[in-house]
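Coordinates in review
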Amino acid sequence: MSNMNSETVDTRLPLKQIWPDALVARYRAAGYWRGETFPAFLRERAVSFSELVAVVAETGRYTYAELDKEAERIGAGLLAQGLKPGDRVIVQFGNVLEFIPVVSGLFYAGLIPVYALPAHRITEVSHFARKAEASAYIAGRRYAGFDYATLARDLVSAVPSIKHVVLAEDNVGQPAEFTPLSALKGDAAALPRNLDPQSVAFLQLSGGSTGLSKLIPRTHDDYIYSFRASNELCGITPNSVYMTALPAAHNFPMSSPGWLGALYAGARVVLSPSAEPGAAFAIIERERVTCVGLVPPLALLWADAAAHTEHDISSLEVMQVGGAKLVPEAAKRLMTELTGLGCTLQQVFGMAEGLVNYTRLGDSDDLILNTQGRPISVDDEIRIVDDNGQPVSEGEAGNLQVQGPYTIRGYHNEEAANANSFTADGYYCTGDIVKRTPEGYLVVQGRANDHINRAGEKISAEEIEDHLLGHPSVFDAAVVSIPDDYLGERSCAFIIARGDKPRAVELKKWMREQGLAAFKVPDQIVFAKAFDTTAVGKVSRRELRAQLRQRFLEQAQSDKALSDKALSDRAQSDIAPLTQTQENN
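Quick caveat, the model's predicted, so the values are computed rather than measured. (Residues numbered from 1 in each chain as written. Predicted model: local features only at pLDDT ≥ 70, side-chain atom pairs only at ≥ 80, totals over all residues. Heavy atoms only, no water.)

1. Points about the pairing of strand 11 (residues 215–219)
- Of all five residues that make up strand 11, five are buried, and the element is covered over most of its length.
- Two elements, strand 10 (residues 200–205) and strand 11, share five bridges in a ladder whose sense is antiparallel. When the bridges of strand 11 are listed, Phe202 appears paired with Arg218. (Buried < 20%, exposed > 50% of the residue type's maximum accessible area, 1.4 Å probe, protein only. Helix = DSSP H or I, 4+ residues; strand = E, 2+ residues; numbered from the N terminus. Pairing = 2+ DSSP bridges.)

Following this line, the structure appears as structure tokens:
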């Protein structure tokens with residue numbers, strides 16, 4: 001599909017990140033920023049490692065030379081369709097073979113990928129497209145049972161700026177409706193060769209802690225440094241085999257060190273279509289995977305399954321755990337299981353906006369179990385402050401602020417969010433509550449806002465409340481996080497009904513029908529008669545959520561105590577005759 005008018009005046013907002021001149025000079029002098037670009041490093045690896053396998057997926061594999069050739073075809077083909085360097089392109093794939101050559105092809109063409117996750121639906125994708133002022137959408141036809149061609153039709157209807165749709169299967173509906181990925185072709189000589197390393201390479205998604213996700217501009221220089229340095233801390237070499245078990249468009253499996261770090265090192269990337277242990281273990285055995293990154297619930301699931309698997313997973317050297325806090329008790333359990341496999345646990349704490357912390361592979365058990373690591377760089381400048389912005393005493397918990405050679409200076413097209421998220425001197429306010437150990441390691445205490453971290457997926461309470469309030473039987477809604485042994489946190493929606501109370505299952509079904517990602521549907525729904533208000537009838541949403549969460553936990557504790565007492569009373573009744581018999585004897 002292509003009907004772009006080449007005479008149209010480009011009124012889009014520019015993509016940029018601007019660091020102060022003094023920091024630019026410092027980062028270049030320190031060797032963090034080397035003037036590298038994504039297409040340049042990928043082309044160089046295609047020469048240096050041409051015959052080595054670069055990417056493995058369920059449907060095939062590419063050598064480095066084949067990846068380069070396919071990326072050139074896709075990039076040149078997109079430019080031949082009428083796209084121009086600098087255009088933004090929504091990319092939505094699962095962990096499939098096409099994903100990496102598509103992204104590489106966009107880099108080659110100087111186009112700007114905007115990463116959507118496989119779980120995102122029309123609500124999220126249309127938001128990304130409008131915010132990015134995107135011109136194109138590229139996706140697989142189907143993934144995990146969902147038809148993205150339908151989403152593409154809805155997107156074109158909802159966002160007029162989307163003039164091009166490319167789908168990764170040939171049978172893409174009616175003739176000429178959408179362009180098949182396999183049909184792209186163009187002149188490789190048209191691909192730009194001298195991109196600015198300080199230009200924006202792609203747009204990532206924020207966790208969406210205050211509504212739908214914000215767009216994070218990442219430059220060639222800053223992002224390449226982050227995974228180049230991560231490779232050193234994570235032991236990634238040309239002999240490594242890195243498995244992407246989490247969605248490949250997530251920041252963690254993309255750059256910490258991720259599949260981009262693996263490609264930079266000349267290693268092999270293995271895309272697993274499923275993170276389920278049985279399927280993943282079979283791939284680990286076949287490809288001799290050495291490193292994988294998981295969120296805590298998955299890591300614990302893998303540890304349990306590893307104890308009785310029939311697959312040989314002894315090649316696994318490092319299991320990284322991040323995306324959500326790994327509590328010490330769970331870390332201890334993981335370490336016990338992994339030690340038996342000869343595998344090292346590595347904690348990772350980071351954010352798509354920049355800062356990444358790792359426990360080091362040679363760290364003591366105490367640091368690995370009880371901290372979330374220390375920053376990549378000595379020039380990651382950390383401040384821990386109170387709610388008034390004043391530094392807390394060393395070892396005390398406070399709000400984490402950071403600036404550094406790979407931390408952004410602002411979101412794209414988000415003036416209000418930038419005013420709230422960045423200090424006057426350029427530090428990013430992460431929203432995390434942390435404390436720092438004497439060794440410089442961070443211990444995450446929680447979030448300062450209403451951000452729900454459900455198995456590594458970040459959910460905005462505000463966004464879900466907004467959708468619930470659209471239901472005709474919902475008068476008011478408040479969404480809170482509840483601790484969960486498996487997910488880390490789960491979402492609980494407190495609902496005040498309007499008229500007849502709807503059934504919880506009906507509300508969940510209605511939420512799914514709104515085109516939301518499934519992980520945003522509340523895990524639990526509790527009906528309430530009223531919410532507390534102030535004397536003048538106002539409600540602080542943050543305070544309300546805190547109150548509701550506390551009441552829920554107190555009630556759960558009370559219910560458990562009553563249940564335990566009932567069980568104890570019953571047990572005493574059951575054993576009384578035996579006790580009496582023993583006493584008589």
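2. A word on the nonpolar core
- Among the nonpolar cores identified, the biggest contains 130 residues, and Phe38, Phe99, Trp259, Leu263, Trp302 and Met319 are the most heavily contacted of them.
- For Trp259, the residues in contact, after removing those within four places along its chain, are Phe99, Ile100, Val103, Tyr242, Thr244, Ala248, Pro253, Met254 and Val269. (Core = buried A, V, L, I, M, F, W, Y, C linked by side-chain atoms within 4.5 Å. Contact = heavy atoms within 4.5 Å.)

3. Quick look at the packing of aromatic side chains
- The final tally for this structure, using the stated rule, is 26 aromatic pairs.
- Considering the side-chain rings of Tyr411 and Phe422, the 5.9 Å spacing of their centres and the 70° angle between planes classify their relative orientation as edge-to-face. Here Tyr411, found in the loop between strand 20 (398–403) and helix 14 (415–421), pairs with Phe422, found in the loop between helix 14 and strand 21 (428–436); they are 11 residues apart in sequence, far enough to count as distant.
- Among the residues examined, Tyr411 registers a relative accessible area of 7% and is labelled buried.
- Seen in terms of ring centroids, Phe422 and Tyr428 are 5.3 Å apart; in terms of plane orientation they differ by 40°. Their pairing is tilted. Summarising the burial analysis for this pair, Phe422 and Tyr428 share the class buried.
- Through pairs of rings, three or more aromatic residues link up here, namely Phe38, Phe41, Phe93, Phe99, Phe107, Tyr115, Phe202, Tyr223, Phe227, Trp259 and Tyr264.
- Between the NZ or CZ atom of Arg43 and the centre of the ring of Tyr108, over which it lies, the distance is 4.3 Å.
- Seen from the ring of Tyr264, Arg45 lies directly overhead, with NZ or CZ sitting 4.2 Å from the centre. (Phe/Tyr/Trp six-rings, centres within 6.5 Å; stacked < 30°, edge-to-face > 60°. Lys NZ or Arg CZ within 6 Å of the ring centre and 35° of its normal.)

4. A look at the packing of helix 5 (residues 122–132) against helix 6 (residues 148–158)
- Contact pair helix 5 / helix 6: the axes reach a minimum separation of 10 Å and the direction vectors enclose 45°. Judged on the interaxial angle alone, helix 6 and helix 5 are oblique. Regarding helix 5 and helix 6, the two cross each other, and that crossing is right-handed. Across the interface between the two elements, Ile122, Val125, Ser126, Ala129 and Arg130 of helix 5 pack against Leu151, Asp154, Leu155 and Ala158 of helix 6.
- The residue makeup of the contact of helix 5 with helix 6, split by class, is six nonpolar, one polar and two charged. (Axes fitted to C-alpha atoms, helices over the stretch in contact; angles between N-to-C directions. Parallel < 35°, antiparallel > 145°, perpendicular 65-115°, else oblique. Left-handed = near helix turned anticlockwise from the far one by under 90°. Nonpolar A, V, L, I, M, F, W, Y, C, P; charged D, E, K, R; others polar.)

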